Amino acid sequence: MKGIELGLKISIVIMIIWLLFIGNISISFKPFSIHLPFWHRSLGIFLAVAGFMIYNIGEHTKGYSDGLKKGEEMTWDTINKVIKDKKDHEKNNV
């Protein structure tokens, strides 16, 4: 679990640096000021990446849900078949 958390932290730091680079950040020390003239580019890319991530999470959740439903149906079908076979076996033996 700690490896995942470390990987997430590293990814966030890389993304922040990347967005600052795209936004053309400039820092001056005398007088101290920070300029981000193309902030709208950084914001747009951040929103696009966030949108893709949300879409991907939704698709993953949908796939998990569909697989769970299919597995449930298969399990119930197998249980019902075993019960039916057992009843048929009991009828044939009696």
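Quick caveat, the model's predicted, so the values are computed rather than measured.

Assignment of secondary structure puts S42 in helix α2 (residues 39-93). Apart from residues no more than four positions distant in its own chain, S42 is found in contact with L19, I22 and G23.

Within this structure, the stated rule accounts for 1 salt bridge. The shortest N-O distance in the salt bridge between D66 and K62 comes to 3.3 Å. Taken together, the residues span about one helical turn, with D66 and K62 both in helix α2 at a distance of 4 residues. Its relative accessible area of 39% is what places D66 among the partly exposed residues. Taking the relative accessible area as the measure of exposure, K62 reaches 48% and is therefore partly exposed.

Bridging between strand β1 (residues 26-29) and strand β2 (residues 32-35) involves 4 bridges; their strand directions are antiparallel. From the neighbouring strand, S26 faces β2, where its bridge partner is H35. Joining the antiparallel neighbours β1 and β2 is a turn of 2 residues.

Turning our eyes to something else, we now look at the packing of aromatic side chains. The tally for this structure, following the rule as stated, stands at 1 aromatic pair. A centroid spacing of 6.1 Å and a plane angle of 40° characterise the contact between F29 and F32, whose relative ring orientation is tilted. Of the two residues, F29 and F32, both sit in the exposed class.

Procedures and definitions
Residues numbered from 1 in each chain as written. Predicted model: local features only at pLDDT ≥ 70, side-chain atom pairs only at ≥ 80, totals over all residues. Heavy atoms only, no water. Helix = DSSP H or I, 4+ residues; strand = E, 2+ residues; numbered from the N terminus. Contact = heavy atoms within 4.5 Å. Salt bridge = Lys/Arg side-chain N within 4 Å of Asp/Glu carboxyl O. Buried < 20%, exposed > 50% of the residue type's maximum accessible area, 1.4 Å probe, protein only. Pairing = 2+ DSSP bridges. Phe/Tyr/Trp six-rings, centres within 6.5 Å; stacked < 30°, edge-to-face > 60°.

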